[in-house]
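# Architecture at a glance
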Amino acid sequence: MPVPLVLASQSPARLATLRSAGVEPGVIVSHVDEDAILTALPSSTGPADAVLALARAKAQAVATKHAPQALVLGCDSMLEFDGDVLGKPGDAATATTRWRAMRGRSGVLHTGHWLVDAREESERGTAGATSSTTVHFANLTNDEIDAYVATGEPLNVAGAFTVDGLGGPYVEAIAGDYHGVVGVSLPLLRHLLLDLGIEFHTLRS
């Protein structure tokens, strides 16, 4: 039997990434108040630590409230651009404004990962870290931006883009871990699992 994994995220990209690596996790959405968590952080908290705090809160909420008797993985992503931290734009106007600023330039996509071992037979350890990858955006025309925003995809993803979906043609290059940009870094997850004494292949069915 594989070691059970629960993904504390509703992201289809994260689920697809894990499945592509042979892992079939359960999914339980944490419903934590992200704004409240961020507001409670010290003002000096950088984006890499902010996404890690959110990932930790998500994993711990699921492990505590739902007692899944599994490994629980929480993740959160944000784009650092021009000194600002950008989450999901939420509406077309915001997504358009962001893309007009980002085109032809680069940002850093931070994805926090937090594991909680909530299995009864385990030592109930935790481990977490952030994957940070530089993303180089294409120099899009206004028409290209409008067409992409009209698809609705960039409205509900961190940084207003995907690299594995409709936004793929608009990402010129990345410097770092591709999977971290998608939403869950498989190499980083492997290292976190090893910190808890678990080998990645034991998650596969």
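Bear in mind the structure is a predicted one, so any value in this text is a computation, not a measurement.

Parameters at a glance
- Residues numbered from 1 in each chain as written.
- Predicted model: local features only at pLDDT ≥ 70, side-chain atom pairs only at ≥ 80, totals over all residues.
- Heavy atoms only, no water.
- Phe/Tyr/Trp six-rings, centres within 6.5 Å; stacked < 30°, edge-to-face > 60°.
- Helix = DSSP H or I, 4+ residues; strand = E, 2+ residues; numbered from the N terminus.
- Buried < 20%, exposed > 50% of the residue type's maximum accessible area, 1.4 Å probe, protein only.
- pLDDT = per-residue confidence, 0-100.
- Salt bridge = Lys/Arg side-chain N within 4 Å of Asp/Glu carboxyl O.
- Pairing = 2+ DSSP bridges.

On to the packing of aromatic side chains. By the definition in use, this model includes five aromatic pairs. The interplanar angle of 80° and the centroid separation of 5.9 Å between the aromatic rings of W99 and Y148 together place this pair among those described as edge-to-face. On the criterion of sequence distance, the pair formed by W99 in helix 4 (residues 92–102) and Y148 in helix 5 (residues 142–150) is long-range, its members being 49 residues apart. Looking at W99, the relative accessible area reads 0%, which means it is buried. Looking at Y148, the relative accessible area reads 2%, which means it is buried. Judged by centre distance (5.3 Å) and plane angle (55°), the ring pair of Y148 and Y170 falls under tilted. Placement of Y148 in helix 5 and of Y170 in the loop between helix 5 and strand 7 (171–175) is noted, with a sequence separation of 22 residues between them. Under the relative-accessibility criterion, Y170 is labelled buried at 17%. Three or more aromatic residues joined by ring pairs form one cluster here, namely W99, F137, Y148, F161 and Y170.

Attention now goes to the confidence of the model for the chain. Summary statistics for the chain give a mean pLDDT of 93 and a share of 98% for residues scoring 70 or more. Mean pLDDT values over the elements of the chain span from 86, in strand 4 (residues 84–86), up to 98, in helix 5.

This part takes up the pattern of salt bridges. Inspection of the entire model under this criterion finds six salt bridges. In this structure, E24 and R19 form a salt bridge, with 2.9 Å as the shortest nitrogen-oxygen distance. Taking the shortest distance from any N to any O, the salt bridge between D76 and K58 comes out at 2.8 Å. A residue pair is termed long-range when its members are at least 10 positions apart, and D76 in strand 3 (residues 71–81) and K58 in helix 3 (residues 47–65) qualify at 18 residues. Here the two residues D76 and K58 agree in accessibility, since each one is buried. The network of salt bridges with shared partners includes E34, K58 and D76.

This part is about the pairing of strand 3. Judged by how many residues are buried, strand 3 sits mostly within the fold: 10 of 11 residues are covered. Relative to strand 3, strand 1 (residues 5–7) runs parallel, the two being bridged by three bridges. The partner of L5 across the bridge, within strand 3, is L71. Two strands pair when backbone bridges link them, and strand 3 and strand 4 are joined in this way by three bridges, in the antiparallel orientation. Its bridge partner lying in strand 4, E80 is registered against V85. Connecting strand 3 to the antiparallel partner strand 4 that follows it, the hairpin turn spans two residues, and D82 within it adopts a positive phi of roughly 55°.

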